[in-house]
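Below are the chains, spelled out letter by letter.
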Amino acid sequence: MLWVGIVLAVQGFGSFLTERLWDTKFGVTALLSDDTPSWVSLAIGAVGLVVLAFVASSRSRKSAHN
């Protein structure tokens, strides 16, 4: 699950930055289509951050119980 969060965050925010800086798509959003709005990249990155937060909270709950 940790790797899924990392990949989604890097792909989402990385695509958003490359689209803004170099006017090209990167990763997952490059595979979607040319008319995909830039907020989709941010949404993918945000989902990655949510997954990372979930993993971190579940790991902290596990260590509190041990």
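Scroll up a little and you will see the structure.
Once a new chain begins, its residue numbering starts again from 1 and follows that chain's sequence as written. Side-chain atom pairs in this predicted model are given and counted only at pLDDT of 80 or more, local residue features only at pLDDT of at least 70, and totals for whole chains, interfaces and linings cover all residues. As a rule here, side-chain values come from all non-hydrogen atoms in the structure, and water together with hydrogens is ignored.

Visitor: Mind laying out the overall build of the protein chain, listing which residues take part and the relevant values?
Guide: Every helix listed is a DSSP run of H or I at least four residues long, and every strand listed is a run of E at least two residues long, numbered separately from the N terminus. When helices and strands are counted, the protein chain shows 3 helices and 0 strands. Each helix (α) and strand (β) of the protein chain, taken in turn from the N terminus, gives the series α-α-α. Note that the radius of gyration is over C-alpha atoms, with the globule rule given as 2.2 Å times the number of residues to the power 0.38. For the protein chain, whose C-alpha radius of gyration is 14 Å, the value lies well above the compact-globule estimate of 11 Å for 66 residues. Across its three principal directions, the C-alpha atoms of the protein chain cover 50 × 20 × 15 Å. Accessible area is worked out with a 1.4 Å probe on protein chains only. A residue is then buried under 20% of its type maximum, exposed over 50%, and partly exposed in between. The buried share of the protein chain, reckoned over its 66 residues, is 29%. Contacts are residue-level and defined by heavy atoms, with any inter-residue pair within 4.5 Å sufficient. Long-range contacts, defined as pairs at least 24 residues apart, comprise 54% of the intrachain contacts of the protein chain with a sequence gap of at least 6. Residue exposure ignores everything except the shown protein chains as possible cover, and the areas themselves are Shrake-Rupley values with a 1.4 Å probe. Summing over all exposed atoms, the protein chain offers an accessible surface of approximately 4,600 Å²; the carbon and sulfur share of this is 69%. Taken together, the 5 basic and 4 acidic charged side chains of the protein chain have centroids lying 24 Å from each other. This count recognises Lys and Arg as positive and Asp and Glu as negative, with His and chain-terminal groups excluded. All charge positions are set by atom: Lys at NZ, Arg at CZ, Asp at CG, Glu at CD.

Visitor: Now, about the environment of glutamine 11: what can you tell me, with residues and values included?
Guide: With respect to the element layout, glutamine 11 can be found in helix H1 (residues 2-22). Distance from glutamine 11 to phenylalanine 26, taken between C-alpha atoms, is 7.2 Å for residues 15 residues apart in sequence. Setting aside residues up to four positions removed in sequence, glutamine 11 forms contacts with Phe26, Gly27 and Val28.

Visitor: So what's going on with H1? Which residues, and what values?
Guide: Spanning 21 residues, H1 covers 29 Å between terminal C-alpha atoms, matching the ideal 30 Å at 1.5 Å per step. Inspection of H1 places Gly5, Ala9, Gln11, Gly12, Gly14, Ser15, Phe16, Thr18 and Glu19 among the buried residues, and these make up the whole buried set. Following H1 by one or two positions, aspartate 23 has its phi on the positive side, about 55°. Every helix has an expected span of 1.5 Å times one less than the residues it contains.

Visitor: Summarise unusual backbone geometry; cite the residues concerned and give the values.
Guide: The phi torsion at aspartate 23 lies on the positive side, around 55°, for a residue other than glycine. Tracing the backbone through its elements, the reader meets aspartate 23 in the loop between H1 and helix H2 (28-32).

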